Amino acid sequence: AGGYWLARNQNKDGSYKYLYYPDDDFYSRQNNIVRQAGTAYAMAFAGRTFGYKDFTASSRRTINFILKGVKSVEGKPDSAYIYFNKGANLGTTGLLLLALAESEDYKEYEATAGKLANAILHLQNDDGSFRTYYEPKDKTGGEDYYPGEAMLSLVRLYRLDKDERYLSCLKKAFPYYSAYWRKNKTTAFVPWQSSLLAELHKITKNKQYADFVFEMNDWLLLK
């Protein structure tokens, strides 16, 4: 029901209506590209899981809307991110890549997916952490969810093309983000990191990833 509601509330350009005020029967003109990308991923996932072609078509329209903002990383033509409203962040790139990886039309988007993945790798620091914004370069924020979204997209892409750079990136990030969460425990961090580490554990069989998933979720359940 939620998916069909989203499909009915899709604009002609492929974006979803972002805010609705029922008391005034009014749709806001505000937008949030991160959440547009997240909804494209949700619809692609639901379409593939349940076989709902309406959801798949809806996601494809949103993917094409978001791709209008694709921009190459300076000096790196093989890397690209999504620029929207004078800014670009790691979360939008990661969520769009998740949508592409789930899309039934992945082969059509494969080259773009590779460029988005390269841009994510480009933002990883020597200590394993990620810079969370491409533009403005000095902007920070979103550490509790943007890296998790981006890393989950690398796991999903690895299942498609077996690029070992993605696993190396995730393994490098784990010590930093596990230590980060233990010092800054938040609920926002848990879902994305749990998803990616559960999948990383299935691939690598490394027990420390599973143990940390249980550590986070035990805390969440007892909070």
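This text gives an overview of the structure that appears in the document. Note that the coordinates shown come from a computational prediction; the quantities given were computed from them, not determined experimentally.

Right, let's get into the overall build of the chain. Tallying secondary structure elements over the chain gives nine helices and six strands in all. Expressed as lengths along the three principal axes of its C-alpha atoms, the size of the chain is roughly 45 × 45 × 35 Å. Pairs at least 24 apart in sequence give 63% of the contacts found in the chain among residues at least 6 apart. Working note: accessible area of the chain is about 11,600 Å², and carbon and sulfur atoms make up 51% of it. In the chain, 31 positive and 26 negative side-chain charges are present, and the distance between their average locations comes to 1 Å.

On inspection of all chains with the given rule, the structure shows 19 aromatic pairs. With a centroid separation of 6.1 Å and 65 degrees between ring planes, the pair formed by Tyr133 and Tyr146 is classed as edge-to-face. A residue pair is termed long-range when its members are at least 10 positions apart, and Tyr133 in strand E6 (residues 133-135) and Tyr146 in helix H6 (residues 146-161) qualify at 13 residues. Judged on exposure class, the residue Tyr133 and its partner Tyr146 are both buried.

For the rest of this paragraph, the subject is the packing of helix H5 (residues 106-122) against helix H7 (residues 164-183). Contact pair H5 / H7: the axes reach a minimum separation of 11 Å and the direction vectors enclose 30 degrees. Comparing their axes, H7 and H5 come out roughly parallel. Once H5 is placed against H7, the crossing between them reads as left-handed. Along the contact surface, H5 presents Ala117, Asn118 and Leu121, while H7 presents Arg165, Tyr166 and Cys169. Residue classes in the contact of H5 with H7 are distributed as four nonpolar, one polar and one charged.

Turning our eyes to something else, we now look at the nonpolar core. Counting residues in hydrophobic clusters, the biggest one holds 59 residues, and the most contacted among them are Leu96, Phe130, Leu154 and Leu197. When residues in this core are grouped by element, the largest group, nine residues, is from H7. Not counting the four nearest positions on each side in its chain, Phe130 is found in contact with Leu90, Ile120, Leu123, Gln124, Asn125, Pro147, Met151, Cys169, Ala173 and Tyr177.

On the surface, a nonpolar cluster with roughly 320 Å² of combined accessible area is contributed by Tyr4, Phe50 and Tyr52. Here Phe50 lies in helix H2 (residues 33-50). Assessed through its relative accessible area of 55%, Phe50 is described here as exposed.

This part takes up H6. When the terminal C-alpha atoms of H6 are compared, their 23 Å separation across 16 residues agrees well with the 22 Å that a helix rising 1.5 Å per residue should span. With respect to burial, H6 is a largely interior element, 13 of its 16 residues being buried. The first or second residue beyond H6 is Lys162, which carries a positive phi of 55 degrees.

Here the residue pair Glu135 and Pro136 is connected by a cis peptide bond, since its omega of -10 degrees sits within 30 degrees of zero. For Pro136, the position within the fold is in the loop between E6 and H6. Positive phi, close to 55 degrees, is recorded for Lys162, a residue that is not glycine. Note that Lys162 resides in the loop between H6 and H7. One non-glycine residue, Lys205, lies in positive phi territory at about 65 degrees. The topology assignment puts Lys205 in the loop between helix H8 (189-204) and helix H9 (207-222).

We now examine the pattern of salt bridges. Under the definition given, this model contains twelve salt bridges. One salt bridge connects Lys137 with Glu74, and the closest N-O pair in it is separated by 3.7 Å. Of this pair, Lys137 sits in the loop between E6 and H6 while Glu74 sits in the loop between strand E3 (70-73) and strand E4 (76-82); the two residues are 63 residues apart in sequence, bridging distant segments of the chain. The partner of Arg156 in a salt bridge is Glu199, and the shortest N-O contact between them spans 2.8 Å. Placement of Arg156 in helix H6 and of Glu199 in helix H8 is noted, with a sequence separation of 43 residues between them.

Analysis parameters
Residues numbered from 1 in each chain as written. Predicted model: local features only at pLDDT ≥ 70, side-chain atom pairs only at ≥ 80, totals over all residues. Heavy atoms only, no water. Helix = DSSP H or I, 4+ residues; strand = E, 2+ residues; numbered from the N terminus. Contact = heavy atoms within 4.5 Å. Areas by Shrake-Rupley, 256 points an atom, 1.4 Å probe, with all protein chains shown as cover. Lys, Arg positive; Asp, Glu negative; His and termini not counted. Charge placed at Lys NZ, Arg CZ, Asp CG, Glu CD. Phe/Tyr/Trp six-rings, centres within 6.5 Å; stacked < 30°, edge-to-face > 60°. Buried < 20%, exposed > 50% of the residue type's maximum accessible area, 1.4 Å probe, protein only. Axes fitted to C-alpha atoms, helices over the stretch in contact; angles between N-to-C directions. Parallel < 35°, antiparallel > 145°, perpendicular 65-115°, else oblique. Left-handed = near helix turned anticlockwise from the far one by under 90°. Nonpolar A, V, L, I, M, F, W, Y, C, P; charged D, E, K, R; others polar. Core = buried A, V, L, I, M, F, W, Y, C linked by side-chain atoms within 4.5 Å. Patch = residues over 30% accessible without salt bridge, like charges linked within 9 Å, V, L, I, M, F, W, Y side chains within 5 Å. Salt bridge = Lys/Arg side-chain N within 4 Å of Asp/Glu carboxyl O. Expected span 1.5 Å × (residues − 1).

As far as function goes, none of this settles anything; it's purely spatial.
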